[in-house]
Amino acid sequence: PCVAVDTACSSSLNAVHLACQSLRRGESDLALAGGAAVITMPDAMVLFSRWGMLSPDGACKTFDASANGFARGEGCGMIALKRLSDAEADGNPILGVILGTATNSDGRSSGMTVPNGPAQERMLASALANAGLKPQEIDYVETHGTGTPIGDPIEAGSLVGAVLSAREEALAVGGIKANIGHAEPAAGMTGLLKLVFGLAAGEAAPNAQLRALNLHV
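Residues numbered from 1 in each chain as written. Predicted model: local features only at pLDDT ≥ 70, side-chain atom pairs only at ≥ 80, totals over all residues. Heavy atoms only, no water.

Taken together, the side chains of Leu-84, Ile-94, Val-97 and Leu-99 make up a nonpolar region of the molecular surface, amounting to roughly 330 Å² of accessible area. Tracing the sequence through the fold places Val-97 in the loop between helix 3 (84–89) and helix 4 (117–131). For Val-97, a relative accessible area of 49% puts it in the partly exposed group. (Patch = residues over 30% accessible without salt bridge, like charges linked within 9 Å, V, L, I, M, F, W, Y side chains within 5 Å. Areas by Shrake-Rupley, 256 points an atom, 1.4 Å probe, with all protein chains shown as cover. Salt bridge = Lys/Arg side-chain N within 4 Å of Asp/Glu carboxyl O. Helix = DSSP H or I, 4+ residues; strand = E, 2+ residues; numbered from the N terminus. Buried < 20%, exposed > 50% of the residue type's maximum accessible area, 1.4 Å probe, protein only.)

Okay, here's the thing in structure tokens:
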């Protein structure tokens, strides 16, 4: 199937989730999943600005004390997915392995930039269970991290509940939106690609714009 997915900012990651399910069920042997964001009209920009969602200085200051909204970005990204056994048999270059995926509805919250913490916590727990991993086995989390003063602390709180509370070690987190802006339907894919290339390099790219840590994170 060729499926168009629109779940707003999580669209490209939900495309990856659906592609992995298709491969696991044997519906597909090769899947392409990705997202694209192009700003062609001013309507959304004007609307987000009126709602006070955009950063006046045009930067996503993810986890920074001066976070004041997000900056929109453009871009596209796509990955090719195969079952690991097939990729090995075909001699394909393997950049990373997806052990498990999970998705849910954020449910009711007080606004578009105010995520539902308990829902995010349940989703993270589902992802760990689906991948067969324990919180102690997670070294790094690439976050949504839009750079909003309320959303970032709520997301960090869900990580505390689902991951940090069950471990003694610190957890490294990052957010690519601080470097390239919020690519909206392609946002999840930009984070995934950052993670894949970070694995190859053995280090995560630092967060731009980070000067003083948000005390609520």
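One pass over the structure, following the stated rule, counts seven salt bridges. Among the ionic pairs, Glu-27 bridges to Arg-25, the shortest N-O distance being 3.4 Å. The class for Arg-25 is exposed, based on a relative accessible area of 54%. Between Asp-90 and Lys-82 there is a salt bridge whose closest N-O contact spans 2.6 Å. Connected via shared salt-bridge partners are Asp-29, Arg-83 and Asp-86.

Quick look at unusual backbone geometry now. In this structure, Ala-8 is a non-glycine residue whose phi angle is positive, near 60°. A relative accessible area of 48% means that Ala-8 is categorised as partly exposed. For Gln-209, which is not a glycine, the phi torsion comes out positive at approximately 75°. Here Gln-209 shows up in the segment after helix 7 (187–201). Its relative accessible area of 28% is what places Gln-209 among the partly exposed residues.

To continue, consider helix 1 (residues 11–24). Its 14 residues give helix 1 an end-to-end C-alpha distance of 20 Å, which sits within 8% of 20 Å, the value for a rise of 1.5 Å per residue. Considered for burial, the residues of helix 1 that qualify are Ser-11, Ser-12, Asn-14, Ala-15, Val-16, His-17, Ala-19, Cys-20, Ser-22 and Leu-23. Buried residues in helix 1 make contact with strand 1 (31–37), strand 2 (75–81) and helix 7. Following helix 1 by one or two positions, Gly-26 has its phi on the positive side, about 80°. (Expected span 1.5 Å × (residues − 1). Contact = heavy atoms within 4.5 Å.)

Taken N-terminus to C-terminus, the directions of helix 1 and helix 7 make an angle of 70°; their axes are 5 Å apart at the nearest point. Between helix 1 and helix 7, the angle is such that the two are roughly perpendicular. Each of Ser-12, Leu-13 and Val-16 in helix 1 lies in contact with helix 7, whose residues at this interface are Ala-187, Gly-188, Met-189 and Leu-192. A per-class count over the contact of helix 1 with helix 7 returns five nonpolar, two polar and no charged. (Axes fitted to C-alpha atoms, helices over the stretch in contact; angles between N-to-C directions. Parallel < 35°, antiparallel > 145°, perpendicular 65-115°, else oblique. Nonpolar A, V, L, I, M, F, W, Y, C, P; charged D, E, K, R; others polar.)

Okay, the nonpolar core next. Nonpolar side chains in soluble globular proteins tend to end up buried together. Core analysis: the biggest nonpolar cluster contains 12 residues, these being Ala-15, Val-16, Ala-19, Cys-20, Leu-23, Ala-31, Ala-33, Ile-79, Leu-81, Met-189, Leu-192 and Val-196. Listing elements by their share of this core, those giving two or more residues are helix 1, strand 1, strand 2 and helix 7. With residues up to four places along the chain from it excluded, the contact list for Ala-33 reads Ala-15, Val-16, Ala-19, Gly-77, Met-78, Ile-79, Leu-81 and Met-189. Counting residues in hydrophobic clusters, the runner-up holds seven residues, among them Leu-128, Ile-138, Leu-159 and Leu-171. (Core = buried A, V, L, I, M, F, W, Y, C linked by side-chain atoms within 4.5 Å.)

Approximately 590 Å³ is the volume found for the second largest pocket. What lines the second largest pocket is a set of 27 residues, and nearest its centre among them are Val-3, Val-5, Ala-15, Leu-32 and Ala-33. Among the elements that make up the lining of the second largest pocket, the one with the highest residue count is helix 1 (seven residues). Of the residues that constitute the lining of the second largest pocket, the class distribution is 16 nonpolar, eight polar and three charged. (1 Å grid on protein atoms, 1.4 Å probe; cavity = no way out; pocket = protein on both sides within 12 Å on 5 of 7 lines; lining within 4 Å. Points joined across faces, edges and corners; volume = space filled by probe spheres on them.)

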